[in-house]
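Residue strings, one per chain:
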Amino acid sequence: MTDEPLLRVSALSKFYGSRVGCENVTFDLWPGEVLAVVGESGSGKTTLLNCLSTRLLPSSGTASYRMRDGQWRELYRMSEAERRFLMRTDWGFVHQNPADGLRMTVSAGANVGERLMAVGDRHYGKIRATAVDWLSRVEIDEDRIDDEPRAFSGGMRQRLQIARNLVTGPRLVFMDEPTGGLDVSVQARLLDLLRGLVTDLGLAAIVVTHDLAVARLLSQRMMVMKDGRVVESGLTDRVLDDPRAPYTQLLVSSILQV
Amino acid sequence: MTDIATYNFAYLDEQTKRMIRRAILKGIAIPGYQVPFASREMPMPYGWGTGGVQVTASIIGPDDVLKVIDQGADDTTNAVSIRAFFKKVANVAVTTETATATIIQTRHRIPEHPLNAGQVLVFQVPIPEPLRFLEPRETETRKMHALEEYGLMHVKLYEDIARHGRIATTYAYPVKVEGRYVMDPSPTPKFDNPKMHRSPALQLFGAGREKRIYAVPPLTDVVSLDFEDHPFEVQTFDQPCALCGAENVYLDEVILDDHGGHMFVCSDTDHCEKRREDGHHGHLAAETNLASGKTEPAE
């Protein structure tokens, strides 16, 4: 691991007219680090994630990313072609709803292979072998490779979406509620898988979630957002065990105990 | 013929032809790029060649000789009607001979007879966007063309191989033009794709309903997309044409009776007739005298 961060975000704000999406967010993300962004719905988590992944352009503020060659690039000054190239090679984006991140009408194998073909891979046999390998890594049987994701369960779709994103060996993955809408046992397996993949591949990730348990399991560091502002940030264990901001205390104490 | 004196030459008014010519020129300047144009209502339904007819009407002059084919044939309804249309509204000479035509409007075939410099091939295109069935958003496909993001096109070919063991796309087979734009060659059989590559003739494509014109200038590279381990190949036929005995041409299957009888004949009727006049015979050729390849002069 290097001493230099991977992503530097400074005073990032996004306004929808006079309404605040997120305001004055500043943080650094290091390689291999998982950062959780938590908060209730409407707190600006997803707006922040969309700004960081350049799916939205912020109203003000900057974000710089250290490219594979070590060069720092200002994300919002890059051309659209460069941003989209980054998006499908060095980055991944896992949507809450797998249908948003998958092509539902093409087979699982093609879903995984699309990014490889997009960066110029033109050997069918190799693409297919890579797809088989990735499906097994996300615990999807090889004989499902030619099935469409429509025939998959929610948990399988989400795992397929993860495989599709990780196939080009990205260094930074954005996840928007990756376990949302899944039942708890499926959630647990998915979290286990994600944790393994993130550690094995040394991925940096920014995970948006309203589920504190997900944050606790996946992330080393977390930011708590309310009304578009970051109210508290720090090591995940510290924030959850010793919350300082009144809102964080409320959030932590609202967890249902079973 | 006084009853059509109210029509402008070649049906369209001069302003419209000007607009379409500008789109054609832009298309020629950017090979394979789909140029939007203000498609007009034509006296025929969409899907019958409104795009091709508008392109032809814009480039045709009194000295041109027009040939119109539909799936390779000069004698089907669509081909006969469009030929008659231009004979009437432009008073031009029409022909069925590939070699003597200056403009050939075609639906889904490229003639077997090699084209020459100076000839113009006008394609009728139903859906100009090769990415359409993979990405339904026009805004997105335009962006993909602009940024040269063509990975998705290979996803389609991948799907073919995964399902059928080979690239099963047989028509509208995507091509890359001059190393830049991915283009739909209109629903011509992929058999004709190699003919587009560095063709000495100008190739124009008109999509009336979708309001797009695109072009392949003469001697332009047109390369069919494929995989390294599944290279592009054209259809082959086990038997020669049943009427003229031609090999290495595109054949149509013709059903002869309701007992499974069928034969394969040239889809290019002009080519087939020319060969029979030259004394070639297939195994089902009847001993009849063929009068073909007429050029009707303008009246």
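The structure displayed is predicted, hence computed values, not measured ones.

**As for the overall build of chain B**
In step 1: Of the regular secondary structure elements, chain B holds 7 helices and 13 strands.
In step 2: Relative to the globule expectation of 19 Å for 299 residues, the C-alpha radius of gyration of chain B, 20 Å, shows essentially globular dimensions.
In step 3: Seen along its three principal axes, the alpha-carbon backbone of chain B occupies a region of about 55 × 50 × 35 Å.
In step 4: Here chain B holds 299 residues, and the buried ones make up 54% of them.
In step 5: Once local pairs closer than 6 in sequence are excluded, the contacts in chain B between residues at least 24 apart make up 62%.
In step 6: With the model as given, the accessible surface of chain B reaches about 13,700 Å², and the carbon-plus-sulfur share is 52%.

**Overview of the sheet that holds strand 10 (residues 222-224) of chain B**
Paired through backbone hydrogen bonds, the strands of a sheet run either parallel or antiparallel to each other.
All names here are of chain B.
In step 1: Strand order in the open sheet formed by 3 strands is 7-6-10, with antiparallel pairing between adjacent strands. With one partner strand each, in any of the chains shown, strand 7 (181-183) and strand 10 form the two edges of the open sheet. Pairs of neighbouring strands in the sheet enclose a mean axial angle of 35°, with direction left out of account.
In step 2: Note: strand 6 (residues 175-177) against strand 7, 3 bridges, orientation antiparallel. Directly across from Val 175, in strand 7, lies its bridge partner Met 183.

**Describing the packing of helix 4 (residues 108-118) of chain A against helix 6 (residues 154-166) of chain A**
Residues and elements named next belong to chain A.
In step 1: Taken N-terminus to C-terminus, the directions of helix 4 and helix 6 make an angle of 30°; their axes are 7 Å apart at the nearest point. It follows from the interaxial angle that helix 4 and helix 6 lie roughly parallel. From helix 4, Ala 108, Asn 111, Val 112, Glu 114 and Arg 115 reach across to helix 6, where they touch Leu 160, Ala 163, Arg 164 and Asn 165.
In step 2: The residue inventory of the contact of helix 4 with helix 6, partitioned by class, reads 4 nonpolar, 2 polar and 3 charged.

**Thoughts on the environment of Gly109(A)**
In step 1: You can see Gly109(A) is positioned in helix 4.
In step 2: Given a relative accessible area of 0%, Gly109(A) falls into the buried group.
In step 3: Along the sequence, Gly109(A) and Gly155(A) sit 46 residues apart, while their C-alpha atoms lie 17 Å from each other.
In step 4: Residues within four places of Gly109(A) in sequence aside, it is in contact with Ala131(A), Ile145(A) and Tyr158(B).

Criteria and thresholds
- Residues numbered from 1 in each chain as written.
- Chains lettered and ligands numbered in written order.
- Predicted model: local features only at pLDDT ≥ 70, side-chain atom pairs only at ≥ 80, totals over all residues.
- Heavy atoms only, no water.
- Helix = DSSP H or I, 4+ residues; strand = E, 2+ residues; numbered from the N terminus.
- Rg over C-alpha atoms; globule rule 2.2 N^0.38 Å.
- Buried < 20%, exposed > 50% of the residue type's maximum accessible area, 1.4 Å probe, protein only.
- Contact = heavy atoms within 4.5 Å.
- Areas by Shrake-Rupley, 256 points an atom, 1.4 Å probe, with all protein chains shown as cover.
- Pairing = 2+ DSSP bridges.
- Axes fitted to C-alpha atoms, helices over the stretch in contact; angles between N-to-C directions.
- Parallel < 35°, antiparallel > 145°, perpendicular 65-115°, else oblique.
- Nonpolar A, V, L, I, M, F, W, Y, C, P; charged D, E, K, R; others polar.

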